[in-house]
Amino acid sequence: MSHLKILFLIFIMVSSSIAQASWEANRMPYQTLVPEGAYSLLENQRQAFVEGKLPKIADAVIKSVPIEESGEKIVDIRTLPTPRIAMMPDPKTPSGPPDCNAGSPESSMVRGTVYKKLEAMVDELDKLAPTFGFQKGQVAIRVYEGLRSLETQREVFDDKVREIQAAHPEFTHETCIEEASKWVSPVKNNVPAHSTGAAIDIRLYDLHTNTYIDMGKFGVIWGENPHAPTFSEGLTPEQRHHRTFLLMAAASVGLVNYPFEWWHFSTGDRYAAYWLKHQKAVYGSVVLPSKL
Ligand SMILES: [Zn+2]
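Computed from a prediction, not measured in an experiment: that's the story for all the values here.

### Some thoughts on the pairing of strand β4 (residues 139-145)
Most of β4 is tucked away: seven of the seven residues are buried. The pairing of strand β2 (residues 85-87) with β4 spans three bridges and is classified as parallel. Paired with M87 across the bridge in β4 is V143.

### Here we look at the coordination of the zinc ion
Within the protein, the atoms that donate to the zinc ion are H194 (NE2), D201 (OD) and H264 (ND1), at distances of 2.0 to 2.1 Å. In primary sequence terms, the donor set of the zinc ion follows H-x6-D-x62-H. Taken together, the residues H194 in the loop between α6 (173-183) and β5 (199-206) and H264 in strand β8 (residues 261-266) connect sequence positions 70 residues apart. Just as H194 is buried, H264 falls in that class too.

### Quick notes on the pairing of β5
For β5, the buried fraction is high: eight of the eight residues fall into the buried class. Residues A199, D201, R203 and Y205 line one face of β5 and the alternating positions I200, I202, L204 and D206 line the opposite face, and both faces are buried. Of the pairings in the sheet, the one linking β5 to β8 comprises three bridges and is antiparallel in character. Looking at β8, one finds that I200 is bridged to F265. Direction of pairing for β5 relative to strand β6 (residues 211-212): antiparallel, over a ladder of two bridges. Bridge pairing links Y205 to Y212 in β6. If you look at the hairpin formed by β5 and β6, you'll find four residues sitting between the two strands, and N210 has a positive phi there, around 55°.

Rules of the game
- Residues numbered from 1 in each chain as written.
- Predicted model: local features only at pLDDT ≥ 70, side-chain atom pairs only at ≥ 80, totals over all residues.
- Heavy atoms only, no water.
- Buried < 20%, exposed > 50% of the residue type's maximum accessible area, 1.4 Å probe, protein only.
- Helix = DSSP H or I, 4+ residues; strand = E, 2+ residues; numbered from the N terminus.
- Pairing = 2+ DSSP bridges.
- Donors = N, O, S within 2.8 Å, 3.2 Å for Na, K, Ca; no water.

Quick look at the structure:
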């Protein structure tokens, strides 16, 4: 075989493996494994990402969803311990390393419905486990953060704006705010999702190996993260496979992903209402007692 022919064959092999490793080139797999609504939600989000049409968490189209507070109670994940749903370990200081939880007193709190959905999600993880290379009972949910006070929200947002400004001195302040709003919800003229108790940041944990299941870099408060968007390119096939596992289990129980962050899910807030075509959101900001 000529050298040219060999080069051509290598080119075909490499380009076809790149195509397989791309969200852009393929519809979501495993359509028959999840309810129709869950599949179409994920596929619509993937398409919106590919077309650059994903709404950010504080875009006008999201903020225009009316909120009718249901008054639903918040629950504390720490008081409902199960091996399958637990907080990540406590950090020494708030916003410590990405392998620990967010570290605020309210981080373990969520609306009751969010907790019920996490319980249902454990069953979905078990159902889907064999398809994704795991056994029933092997995969657990570890929580980074649920509820976040408006004070903490403001600090996290301001930190992100400062980080972006430092990395991009050429950006105007407005551009930095716009860019930061992709990753962290602003407090001004907005109801941040985490302040409602309806949003939760989670990772999947392998109880057999005692490690987090690899889905690419977690978090956006420890520097820039090009792999934060759920459908970002440049992931390994395994990371993509694991993200698909997480997305399918969550979507099956009505948890809506924020596709700028693969770990962020919500229900009943404006962002979830937008994607599920609900007329209204049912959770506004939770007013926390001054001392928890
Ligand atoms: Zn989040």
